[in-house]
Amino acid sequence: MSDEQEVKRNGWLRKSSNLSLEEVNSSIHVPANAGFWRKFLAFAGPGSLVAVGYVDPGNWATSIAGGARFGYTLLSVILISNLIAMLLQGLSAKLGIVTGRDLAQATKDSTGKKTAYFLWILTEIAIIATDLAEVIGSAIALNLLFNIPLLLGILITTLDVMLLLLLQKKGFRVIESIIIVLMATIFIVFVFEVIVAKPEVSSILAGYIPKAEIAANPQMLFIALGILGATVMPHNLYLHSSIVQTRNFERSRAGKKEAIKFSILDSTFSLSIAFLINSAILILGAAAFYGTGLDVSEIEAAYKLLSPTLGVGIASTLFAVALLASGQNSTITGTLTGQIVMEGFINMRISPWLRRLITRLIAVIPAFIVTWIAGSKGVGELLLWSQVVLSLQLPFAVIPLVLFTSSKEKMGEFANSTWVKSLAWICTGVIIALNIFLVGYIIVTGHDLG
């Protein structure tokens, strides 16, 4: 049987052209005969990079707005979004481990060139929306901590290209370690902030129970969609399916099975931390601002009001430090994803620094214009809308992912079981239904839901 026939027999239209993130593919050693914890630590790392996308500055804007406007009600949306994320990230890891393809490569190898280009453009839009949140979040943090004007802060964020290049030369494990330290910083800050805020535990627990009013209230649904878009992020599905391949595990049936188990454990643990952080942000917004009559729909307002509201002087400063850590964290993963989708969809390879510079400049331009015209209020609205854009992009990544991982031709014995497949399609249906409602509402009313 020829190579072409073998590829088609396995459910692909064409043979994969190259390894995903070739320069670091299979670069991290996994000990063959080791105990559970040594194996877990060897596989641990990709989950932390994925979790970064779930606590980027875009989440802050939506979660703070949700807590300040609607109390603890939208905690249920964070919970549901995170459970969906855990499922989809698990499927993403499995796709990369079993097929040796990332989601972008798998999509290209299963569709025509025109479809691949179309999906690449949509994914690039999602990456730009993500980068926009990072630009704005970092600029706001610099403004709050050092009183640097927003416009200058936005320009300074373009310089993080050099930071990323320096980190990439140190190796992938170094990048993972820095990400973990920054994530831990954010987590510790928000644990402290929530303890100081003294929220009602009974109200928090009640908030995790879904309520019908979320779907009935258009303004609440808009924030809920923003939370969904900020939590289940399309670029993370491409990222995860690639970086799980940095581990040098045995590409046998047993090796793949073990890699799937530890990769899912890694991502589930990291996403659990991200869930706690996102919950803490909304809980902080609700405990500090709900029912006070204060307008806290923007990050700057939350910063200015946190210390006086909580009665703790350092609360606002710690909030801004965590925001800066969040923005820098997301910068690293955004660059990696840009490289993955460009190489995967259209097999185009350019220098990482040039790729980063192009993406960052495209994000800086709208942020700069909006800041120039509308000031900090316009920036806050742009941050919220970037998350809604991400939500609209989700189906174009989720549908191929569920299709590929459910295919026995492509995945063999690792194809989704009936219950996983059913659950995945239910989650996909929910995402699509919410997006149809959002688009329909905007078209009919002619304005946003905020």
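Not measured: the values here are computed from a predicted model.

Asks: Whenever I open this one, helix H10 (residues 172-197) confuses me. Can you help?
Replies: Structurally, the α-helix is built with 3.6 residues per turn, so residues lying three or four positions apart point the same way. Taking 1.5 Å of rise per residue, the 26 residues of H10 would be expected to cover 38 Å, and the 38 Å separating its terminal C-alpha atoms lies within 8% of that figure. Turning to H10, its buried residues are Phe-172, Ile-175, Glu-176, Ile-179, Met-183, Ile-186, Val-189, Phe-190, Glu-193, Val-194, Val-196 and Ala-197.

Asks: I would appreciate a short explanation of the pattern of salt bridges in the present structure.
Replies: Here the idea is simple: oppositely charged side chains can pair when their charged atoms come close. Within this structure, the stated rule accounts for five salt bridges. The closest approach of N and O atoms between Glu-258 and Lys-39, which form a salt bridge, is 2.8 Å. On the criterion of sequence distance, the pair formed by Glu-258 in helix H15 (residues 253-289) and Lys-39 in helix H2 (residues 36-43) is long-range, its members being 219 residues apart. Arg-247 serves as the salt-bridge partner of Glu-176, at 2.9 Å between the closest nitrogen and oxygen. Of this pair, Glu-176 sits in helix H10 while Arg-247 is found in strand E2 (residues 247-248), placing the two residues 71 residues apart along the sequence. Owing to a relative accessible area of 1%, Glu-176 belongs among the buried residues under this scheme. Among the charged side chains, a salt-bridge network with shared partners connects Arg-173, Glu-176 and Arg-247.

Asks: Help me out: how do you make sense of the packing of H10 against H15 in this one?
Replies: Axes are the key here: two packed helices are described by the angle between their axes and the distance separating the axes. Put simply, H10 and H15 touch, their axes get as near as 9 Å, and they point 35° apart. The interaxial crossing formed by H10 with H15 has left-handed handedness. In this structure, H10 uses Met-183, Ile-186, Phe-187, Phe-190, Glu-193, Val-194 and Ala-197 to contact H15, whose residues at the interface are Ile-273, Leu-276, Ile-277, Ala-280, Ile-281, Ile-283, Leu-284 and Ala-287. Broken down by class, the residue content of the contact of H10 with H15 amounts to 14 nonpolar, no polar and one charged.

Asks: Even after reading the chapter, I still don't get a nonpolar patch on the surface, so can you show me in this structure?
Replies: Together, Leu-152, Leu-155, Ile-156 and Leu-159 make up a nonpolar patch on the protein surface, roughly 350 Å² of accessible area in all. Locating Ile-156 in the fold gives a position in helix H8 (residues 150-156). Under the relative-accessibility criterion, Ile-156 is labelled partly exposed at 32%.

Asks: Please clarify how empty space enclosed by the protein should be interpreted in this entry.
Replies: It is the rolling of a water-molecule-sized probe over the atoms that shows where space remains empty. Within the structure shown, the criterion is met by three cavities of 30 Å³ or more. Taken as a whole, the largest cavity holds about 40 Å³ of empty space. Forming the boundary of the largest cavity are Leu-119, Leu-122, Thr-123, Ala-126, Pro-234, Tyr-238, Gln-393, Phe-396 and Ala-397. Sorting the residues of the lining of the largest cavity by element identifies helix H7 (113-146), helix H14 (234-243) and helix H18 (352-406) as the ones contributing at least two each. Here the element with the most residues in the lining of the largest cavity is H7; it accounts for four residues. Of the residues that constitute the lining of the largest cavity, the class distribution is seven nonpolar, two polar and no charged.

Asks: Whenever I open this one, unusual backbone geometry confuses me. Can you help?
Replies: For Leu-21, which is not glycine, the phi torsion reads 45° and is therefore positive. Here Leu-21 is to be found in the loop between helix H1 (3-9) and strand E1 (28-29).

Asks: How should H7 be read in this particular structure?
Replies: Between its first and last C-alpha, H7 extends 48 Å over 34 residues, near the 50 Å set by a 1.5 Å rise per residue. Positive backbone phi, at 60°, marks Asn-147, one or two positions downstream of H7.

Asks: Sorry, what's going on with the environment of Ile-121 here?
Replies: Summarising the element assignment, Ile-121 is placed in helix H7. Since its relative accessible area comes to 45%, Ile-121 is described here as partly exposed. Separated by 221 residues in the primary sequence, Ile-121 and Met-342 have C-alpha atoms spaced 9.5 Å apart.

Asks: Explain the environment of Ser-330 here, please?
Replies: As for its placement among the helices and strands, Ser-330 is situated in helix H17 (residues 315-346). Note on Ser-330: relative accessible area 2%, which makes it buried. Taking the C-alpha atoms as reference points, Ser-330 and Ser-138, separated by 192 residues in sequence, lie 10.0 Å from one another.

Asks: Is there a simple way to explain the packing of aromatic side chains in this structure?
Replies: Aromatic ring pairs are reported here in terms of the distance separating the ring centres and the angle at which the planes meet. Under the counting rule described, the total for this entry stands at 10 aromatic pairs. Both rings, one in Phe-43 and one in Phe-249, keep their centres 6.4 Å apart while their planes meet at 40°; by these two values the pair is tilted. In this pair, Phe-43 sits in helix H2 while Phe-249 sits in the loop between E2 and H15, placing the two residues 206 residues apart along the sequence. As far as the burial class goes, Phe-43 and Phe-249 line up, both buried. For the pair Phe-43 and Phe-262, a centre-to-centre distance of 5.6 Å together with 5° between the ring planes defines the contact as stacked. Note that Phe-43 is positioned in helix H2 and Phe-262 in helix H15, a separation of 219 residues in sequence. Of the residues examined, Phe-43 reaches a relative accessible area of 2% and is grouped as buried. What makes Phe-262 buried here is its relative accessible area of 2%. Put simply, the rings of Phe-36, Trp-37, Phe-40, Phe-43, Phe-249 and Phe-262 touch in pairs and so form one group of aromatic residues. When the ring centre of Phe-249 is taken as origin, the NZ or CZ atom of Arg-251, which lies over that ring, is 3.8 Å away.

Rules behind the numbers
Each residue is numbered by its place in its chain's sequence as written, counting from 1. At least 70 in pLDDT is required for a residue's local features to be given in this predicted model, at least 80 for side-chain atom pairs to be given and counted, and no such filter applies to totals for whole chains, interfaces and linings, which use all residues. Heavy atoms from the whole structure form the basis of all side-chain values; hydrogens and water molecules are not counted. Elements are defined by DSSP. Helices are runs of H or I of four residues or more, strands are runs of E of two residues or more, and each kind is numbered from the N terminus. Helices are assigned an expected span. That span is 1.5 Å times one less than the residue count. With a 1.4 Å probe rolled over the protein chains alone, any residue whose accessible area is under 20% of its type maximum counts as buried; one over 50% counts as exposed, and the rest are partly exposed. Whenever a carboxyl oxygen of Asp or Glu lies within 4 Å of a side-chain nitrogen of Lys or Arg, that contact is scored as a salt bridge. Note on geometry: axes are C-alpha line fits, over the in-contact stretch for helices, and angles between N-to-C directions span 0 to 180 degrees. By the definition used in this description, the sense in which the near helix is turned from the far one sets the handedness, with an anticlockwise turn below a right angle giving left-handed and a clockwise turn giving right-handed. We call two residues in contact when some of their heavy atoms are within 4.5 Å. Residue polarity is assigned by list, with Asp, Glu, Lys and Arg as charged and Ala, Val, Leu, Ile, Met, Phe, Trp, Tyr, Cys and Pro as nonpolar; anything else, Gly included, falls into the polar class. Exposure above 30% relative accessible area and the lack of any salt bridge qualify a residue for a patch; like charges then connect within 9 Å, and the nonpolar side chains Val, Leu, Ile, Met, Phe, Trp and Tyr within 5 Å. Methods summary: accessible areas were calculated by the Shrake-Rupley approach with a probe of 1.4 Å, and residue burial reflects only the protein chains presented. For cavity detection a 1 Å grid was placed over the protein atoms alone, and a set of points counts as a cavity when a 1.4 Å probe fits there but cannot get out; an open set counts as a pocket when protein lies on both sides within 12 Å along at least five of seven lines, with lining residues being those that have an atom within 4 Å of a point. Grid points are joined across faces, edges and corners, and a volume is the space filled by probe spheres set on the points. Stacked, tilted and edge-to-face are the three classes applied to pairs of Phe, Tyr and Trp rings, where Trp contributes its six-membered ring and a pair requires centres within 6.5 Å; stacked means planes under 30 degrees apart, edge-to-face means over 60, and tilted covers the rest. The rule is short: NZ of Lys or CZ of Arg within 6 Å of the ring centre and within 35 degrees of the ring normal puts a charge over the ring.

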